[in-house]
Structures are given as C-alpha cells and as structure tokens.
Amino acid sequence: MFTGMMWFDNDPKTPLTVKVHQAADYYHSKYGRLPDLCLVNPKMLPEHEAHDGKILIRSARAVLPGHLWIGVDEKLPTGAD
C-alpha cells in the first residue's frame, strides 16, 4: 500500500473486526473505493495477519497502537523494485 487513510480507535471493548469495518465504510464513502488492506500494530493482532471478508489485516510495527492504516493494496509495476 503506497497511500492510505489513518483511523484511530483505542476503545478496548470494540473488536478489531468492527474497527476495521467502520474504517472501511468511512474510507469507501470518502474515496469511493473499497479498501482491501488494513495495517495495525502487532499488539492489536495476535497472529501475523488475518482475513476479514474482503480486507486483509496485517501487522506492521510502524503503525501505533490504536491506529489502523487502511487502503488499497497496490502492487509495484514490474521492474520498479
């Protein structure tokens, strides 16, 4: 993901999947696209990654606890890496 939207929700009572769906709904209404990737702090996701419907939830140490970085997983063009 090259660009995305940062979402903050540190309510410990709200499950991660609910937070992801709320962020995805807002992302869709704001940008007109459905997100398919959400990066969260490893402390928020016990496993390395999870799948919630159409959104892949992956851990990333650069994301602060309570934050979700949500967007579209864009692949690099061939030869760009």
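Preceding this paragraph is the structure being described.
Quick caveat, the model's predicted, so the values are computed rather than measured.

Rules of the game
- Per chain, the residues get numbers from 1 upward, laid out in the order the sequence is written.
- Totals for whole chains, interfaces and linings use every residue, but because this is a predicted model, local features are given only for residues with pLDDT of at least 70 and side-chain atom pairs only at 80 or more, for both listing and counting.
- Only hydrogens and water are set aside when side-chain values are computed; all heavy atoms of the structure are taken into account.
- Numbered from the N terminus, helices here are DSSP runs of H or I no shorter than four residues, and strands are runs of E no shorter than two.
- Exposure classes here rest on a 1.4 Å probe applied to the protein chains alone. A residue is buried below 20% of its type maximum, exposed above 50%, and partly exposed in between.
- The sign given to each residue is positive for Lys and Arg and negative for Asp and Glu; His and the chain ends receive no count.
- Put simply, a salt bridge is a Lys or Arg side-chain nitrogen that is within 4 Å of an Asp or Glu carboxyl oxygen.
- A 3.5 Å cut-off defines polar contacts: any pair of N or O atoms within that distance qualifies, except that in protein one atom must be a possible hydrogen donor and the other a possible acceptor, and neighbouring residues in sequence count only when both atoms are side-chain atoms.
- Between two residues, a contact is recorded if the distance between any of their heavy atoms is within 4.5 Å.
- Residues enter a nonpolar core if they are buried and are Ala, Val, Leu, Ile, Met, Phe, Trp, Tyr or Cys, with the set joined through side-chain atoms within 4.5 Å.
- Working definition: rings of Phe, Tyr and Trp (its six-membered ring) pair if their centres are within 6.5 Å, and the pair is stacked with planes under 30 degrees apart, edge-to-face with planes over 60 apart, and tilted otherwise.

Trainee: What's the story with the side chain of Lys19 in this structure? I'm lost.
Mentor: Within the secondary structure layout, Lys19 lies in helix α1 (residues 16–31). There is no salt bridge for the buried Lys19, and the closest opposite charge comes from Asp9, which lies 4.3 Å off by N-O distance. Within the local environment of Lys19, its side chain forms a polar contact with the backbone oxygen of Asp11, the two atoms lying 3.1 Å apart. The residues touching Lys19, leaving out its near neighbours within four places in the chain, are Trp7, Asp9, Asn10, Asp11, Thr14 and Leu68.

Trainee: Any chance you could explain the nonpolar core here in plain terms?
Mentor: Within soluble globular proteins, side chains that are nonpolar generally end up buried alongside one another. Of all hydrophobic cores here, the largest spans 15 residues; its most connected members are Leu16, Val20, Cys38, Val40, Ile57, Leu68 and Ile70. Broken down by secondary-structure element, the contributors of at least two residues to this core are α1, β2 (37–40), β4 (55–59) and β5 (67–71). Looking at which element gives the most residues to this core, the answer is α1, with 5 residues. Excluding anything up to four places from it in sequence, Leu16 contacts Val40, Met44, Leu45, Ile57 and Leu68. Formed by 6 residues, the second largest nonpolar core is a distinct cluster that contains Met1, Leu37, Leu39 and Ala60.

Trainee: How do you make sense of the packing of aromatic side chains when you look at a structure like this?
Mentor: Any aromatic ring pair is given by two values, namely how distant the centres are and how the planes are angled relative to each other. Tallying each qualifying case throughout the model produces 2 aromatic pairs. With 5.6 Å between their ring centres and 45 degrees between their planes, Trp7 and Tyr26 make a pair best called tilted. Taken as a pair, Trp7 in strand β1 (residues 5–8) and Tyr26 in helix α1 lie far apart in primary sequence, 19 residues in all. On the accessibility criterion, Tyr26 (39% relative accessible area) is partly exposed. Summarising the aromatic geometry, the rings of Tyr27 and Tyr31 are spaced 4.8 Å apart at their centres and angled 50 degrees between planes, so their arrangement reads as tilted.

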